[in-house]
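One-letter residues, chain by chain:
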Amino acid sequence: MFYDDAGFRLFERITTLPEYYPCRTERQLLEEHAENIVMSACGSARRLRIVELGAGSACKTHILLAAALRQGIEVIYMPLDVSADALETACESIAEAFPPVRVLPQVVNYVSAPPQLSPFIGPTLALYLGSSIGNFKPCESRTILRNLGTQLKADDSFLLGTDLVKEESTLIAAYDDSQGVTAAFNLNILMRLNRELGSNFDVNAFRHSVRWNADESRIEMHLQSIRRQVVEIPLAELELHLDKDETIHTENSYKFDDDALRTLLSQTSFRWELMWKDPQQWYALTLSRKAAYA
Ligand code: AVJ
């Protein structure tokens, strides 16, 4: 629900906010370690298939593709995403920047069904970047990674980007920025519901609210009702009765620590291999290998 055209533009703005550190931190980590990531994934092979879950516009993938081409490695890039529009943009920008890379996009919902990858001779590097995994509940994350694992060969690599647990004020600020861009991103859902489901949400009767849920290790975004109100959502056949201050819980963004990551990977057929963090330890890239036996 977040990513209609307006939501997508707002998210792009979020990624440039001073308070929103995940995106730029991940980019720095990729720039610093791209050579190493590609070498680890490739071993002695001279070709590499890169499969990316939730590729979106794939801007950060350019860093890895460039590193592979510098090493003279032949690259096949398979971006997977639910959004055909995002994939089209990704393919165009890659075709332009890296003519030698063969791009094989796939529109799939990797959450509800395992992606179907054709057999490949040579190593595959799977990517799941942007802390996108943080939007899913632990059981859903496990399903996504297990499904991915079924499509990989033993010793294929998997690079996972995750936001880490840190001081609460830093986390809150990243989701409640001073320019109100994240607030607009959250409230945009109501406009979309009004447009697409014929609801009558008064956008001014809700405020953006962010909480750190320590028990679940997640940031929660809510829309808090400013007053007692009733909202009709005809196409969902819903009538919503909200008390003053009652909230609609719109998003979770899970934050990880080493233990949680090790457990998640080992439960989903991956062997933890290398981890890179920024000096503040705010964000992690974890490289693991598909285990021989799931
Ligand atoms: C795209 C899931 C990584 O959880 O940080 C940013 C989405 N929501 N600000 C995140 C988001 C509010 C973002 N991810």
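Residues numbered from 1 in each chain as written. Predicted model: local features only at pLDDT ≥ 70, side-chain atom pairs only at ≥ 80, totals over all residues. Heavy atoms only, no water.

Enquirer: Mind laying out the overall build of the protein chain, listing which residues take part and the relevant values?
Expert: If you tally the helices and strands in the protein chain, you get eight helices and 13 strands. In the protein chain, buried positions account for 52% of the 294 residues. With 29 positive and 40 negative side-chain charges, the protein chain shows a spacing of 5 Å between the two charge centroids. (Helix = DSSP H or I, 4+ residues; strand = E, 2+ residues; numbered from the N terminus. Buried < 20%, exposed > 50% of the residue type's maximum accessible area, 1.4 Å probe, protein only. Lys, Arg positive; Asp, Glu negative; His and termini not counted. Charge placed at Lys NZ, Arg CZ, Asp CG, Glu CD.)

Enquirer: Describe in detail the environment of Lys60, supporting the description with residues and values.
Expert: Mapped onto the elements of the fold, Lys60 is located in the loop between β1 (47-53) and α3 (61-70). Here Lys60 falls in the buried class, since its relative accessible area comes to 12%. Sequence separation of Lys60 and Met78 is 18 residues, and the distance between their C-alpha atoms is 14 Å. Among all residues touching Lys60, those that are not within four sequence positions of it are Cys23, Glu26, Arg27, Leu30 and Gly130. A distance of 2.6 Å separates the side chain of Lys60 from the side chain of Glu26, its partner in a polar contact. (Contact = heavy atoms within 4.5 Å. Polar contact = N/O pair within 3.5 Å; in protein donor to acceptor, adjacent residues only side chain to side chain.)

Enquirer: Tell me about the pattern of salt bridges, residues and numbers included.
Expert: Taken as a whole and assessed by the stated rule, the structure comprises 17 salt bridges. The closest approach of N and O atoms between Glu273 and Arg289, which form a salt bridge, is 3.0 Å. Here Glu273, found in strand β12 (residues 270-277), pairs with Arg289, found in strand β13 (residues 283-290); they are 16 residues apart in sequence, far enough to count as distant. Bridged by salt links that share partners, the residues Asp4, Arg192, Arg195 and Glu196 form one connected network. (Salt bridge = Lys/Arg side-chain N within 4 Å of Asp/Glu carboxyl O.)

Enquirer: Provide a residue-level description of the sheet that holds strand β7 (residues 206-213), including the pertinent values.
Expert: Spatially, β7-β8-β11 is the arrangement adopted by the three strands of the open sheet, whose pairing is antiparallel. Each edge of the open sheet is held by one strand with a lone partner, namely β7 and β11 (247-254). Shown here is a sheet whose adjacent strand axes are inclined to one another by a mean of 20 degrees, direction ignored. Relative to strand β8 (residues 218-225), β7 runs antiparallel, the two being bridged by eight bridges. In the strand pairing of β8, Val210 is matched with Met221. Here helix α7 (residues 181-197) sits on the sheet and contacts β7, β8 and β11; the angle it forms with β8, its principal contact strand, is near 60 degrees. (Pairing = 2+ DSSP bridges. Axes fitted to C-alpha atoms, helices over the stretch in contact; angles between N-to-C directions.)

Enquirer: Break down the site of the ligand for me, citing the residues and quoting the values.
Expert: Of all residues adjacent to the ligand, which total 13 residues, the nearest are Tyr20, Gly130, Tyr175, Glu251 and Ser253. At a separation of 2.5 Å, an oxygen atom of the ligand approaches a polar side-chain atom of Tyr175. At 2.7 Å, a side-chain N or O of Glu251 approaches a nitrogen atom of the ligand. If the ligand stood free it would expose 350 Å²; the protein chains cover 96% of that surface. Of the residues in the shell around the ligand, the class split is seven nonpolar, five polar and one charged. (Near = heavy atom within 4 Å. Areas by Shrake-Rupley, 256 points an atom, 1.4 Å probe, with all protein chains shown as cover. Nonpolar A, V, L, I, M, F, W, Y, C, P; charged D, E, K, R; others polar.)

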